[in-house]
Amino acid sequence: MTAVVSIKDARKAFGDTEVLRGISLEVERGEVVAVIGPSGGGKSTLLRCMTLLETLDGGSLAYGGLEVAGPDGAGAVRYVKGDALKEARGRFGLVFQSYNLFPHMTVMRNIADAPLRVQKRPRPEVEARARELIEKMGLSGCEGKVPCQLSGGQQQRVSIARALALDPQILYFDEPTSALDPELTAGVLSVIKGLAAEHMTMVIVTHEMSFARDVADRIVFMDGGVIVEQGSPEQVLGAAKQERTRAFLAGYRT
Ligand SMILES: Nc1ncnc2c1ncn2[C@@H]1O[C@H](COP(=O)(O)OP(=O)(O)OP(=O)(O)O)[C@@H](O)[C@H]1O
Ligand SMILES: [Mg+2]
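Since this is a predicted model, take the numbers as computed values, not measurements.

> Help me out: how do you make sense of the nonpolar core in this one?
Soluble globular proteins: nonpolar side chains tend toward being buried together. Among the nonpolar cores identified, the biggest contains 49 residues, and Ile160, Phe173, Ile192 and Met202 are the most heavily contacted of them. Ranked by the residues each element gives to this core, the list is headed by helix α6 (residues 182–197), at six residues. Beyond its immediate stretch of four places on either side in the chain, isoleucine 192 contacts Ile160, Phe173, Pro176, Met202, Ile204, Phe211 and Val215.

> Please clarify how helix α5 (residues 152–164) should be interpreted in this entry.
Turn by turn, an α-helix covers 3.6 residues, leaving residues three or four places apart pointing in a common direction. For α5, with 13 residues, the first-to-last C-alpha span of 18 Å sits near the 18 Å given by 1.5 Å per residue. Of all 13 residues that make up α5, 12 are buried, and the element is covered over most of its length. When we look at burial in α5, the residues that qualify are Gly152, Gly153, Gln155, Gln156, Arg157, Val158, Ser159, Ile160, Ala161, Arg162, Ala163 and Leu164. Along its buried surface, α5 packs onto β7 (92–95), α3 (107–117), α4 (123–136), β8 (170–174) and α6.

> For this particular structure, what's the right way to read the layout of surface pockets?
Over the atoms, a rolling probe the size of a water molecule traces out where space has been left empty. Its boundaries defined by the atoms lining it, the largest pocket holds a volume of some 820 Å³. For the lining of the largest pocket, the secondary-structure elements that each account for two or more residues are α2 (82–89), β7, α3 and α5. Classifying every residue of the lining of the largest pocket gives 11 nonpolar, eight polar and eight charged.

> What should I look at first to understand the site of ligand 1 in this one?
Neighbouring ligand 1 are the residues Phe14, Val19, Pro38, Ser39, Gly40, Gly41, Gly42, Lys43, Ser44, Thr45, Glu175 and His207. Within the backbone of glycine 42, one N or O atom sits 3.0 Å away from an oxygen atom of ligand 1. Taking threonine 45, its side chain carries an N or O atom lying 2.6 Å from an oxygen atom of ligand 1. The leading source of residues in the shell around ligand 1 is helix α1 (residues 43–50), at three residues. When the residues that make up the shell around ligand 1 are grouped by side-chain class, the tally is three nonpolar, seven polar and two charged.

Each value, and the rule that gives it
Residues numbered from 1 in each chain as written. Chains lettered and ligands numbered in written order. Predicted model: local features only at pLDDT ≥ 70, side-chain atom pairs only at ≥ 80, totals over all residues. Heavy atoms only, no water. Core = buried A, V, L, I, M, F, W, Y, C linked by side-chain atoms within 4.5 Å. Buried < 20%, exposed > 50% of the residue type's maximum accessible area, 1.4 Å probe, protein only. Helix = DSSP H or I, 4+ residues; strand = E, 2+ residues; numbered from the N terminus. Contact = heavy atoms within 4.5 Å. Expected span 1.5 Å × (residues − 1). 1 Å grid on protein atoms, 1.4 Å probe; cavity = no way out; pocket = protein on both sides within 12 Å on 5 of 7 lines; lining within 4 Å. Points joined across faces, edges and corners; volume = space filled by probe spheres on them. Nonpolar A, V, L, I, M, F, W, Y, C, P; charged D, E, K, R; others polar. Near = heavy atom within 4 Å. Polar contact = N/O pair within 3.5 Å; in protein donor to acceptor, adjacent residues only side chain to side chain.

The structure is reproduced here in C-alpha cells:
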C-alpha cells in the first residue's frame, strides 16, 4: 500500500543551525501519528516542510504516488511546479496553534471560502458540507458569527472545519490546544478524537501526553532534529527504550 505521505531523509537548516537532520516518516491511510518532544526539537519545522511552507535542503517528499520533492542530482532538492504542486497542496490540511481565521468573515465564509475560490466547487454543495462540518464540530448556531464572538476553543474548531472542508487526505495539527485554557482544550481534543474514530489520517504535534496515548496509533519522539524513538503509545510512553525519551517523559505524568 502506498503511504498517504512519505518524507525521506529530510534535512533542513536555518543558517548554521541544522533543525532536521535526516528524518524519515511514512503515514498510512487511517493512521494517527502523534509527534512529541522537547521545544526546539524540530517538530514544527517537520510539519512545515511536509506542508510545503518550508522547502527541504535535502531528502524527498511524496503524497501517495505524487513525488513532490526529491534530489535534483546536484546536491539540492527540486520541487514539482504548477498543477502537480497544486495537486499536492490539495492533499493535506493544516491546523495551527493560533487559529488564523479571517477576522472579518463569518464562520460560514471562513469555512466555505477556499472550497469556493480555490477549488471552484459549486456553492450549494460547499455550503451544505460547511453546515455539516459546523454541526459536527459542535458549532451549531455559530455560522453567522465572526471569530471575535467565539471562544478560543470554538475558533479552533472552526479552523478544523475549514481544513476538513477542502476534503484532505491527511490533516496535520501543530499543538492545536496549546493556546487554550484547560476547559476549552477538552472540546478541541474531543473533536480530534472523533476524527480519529472515523479513521481520518492525522499527524498531531502535541504536548498532551494522555491525549496522545488515547488517540494515536503510533508515537514519534523527536529531539535534536532526529526521530529518537517511535512505536505504539504503550511502548513509547510506558516502556521507552531510549534514555532521552525517558528523560523527556519524566517531565510529564503519563
Ligand atoms: N524560520 C526560522 N528561522 C530560524 N530558525 C528557525 C526558524 N524556524 C525554526 N527555527 C529554529 O529551529 C529549531 C526548531 O524549531 P521548531 O519550531 O521546529 O521546534 P519545535 O519542536 O516545534 O519546538 P516547540 O515545541 O517549542 O514548538 C529552533 O531552534 C528554532 O529556533
Ligand atoms: Mg513547534
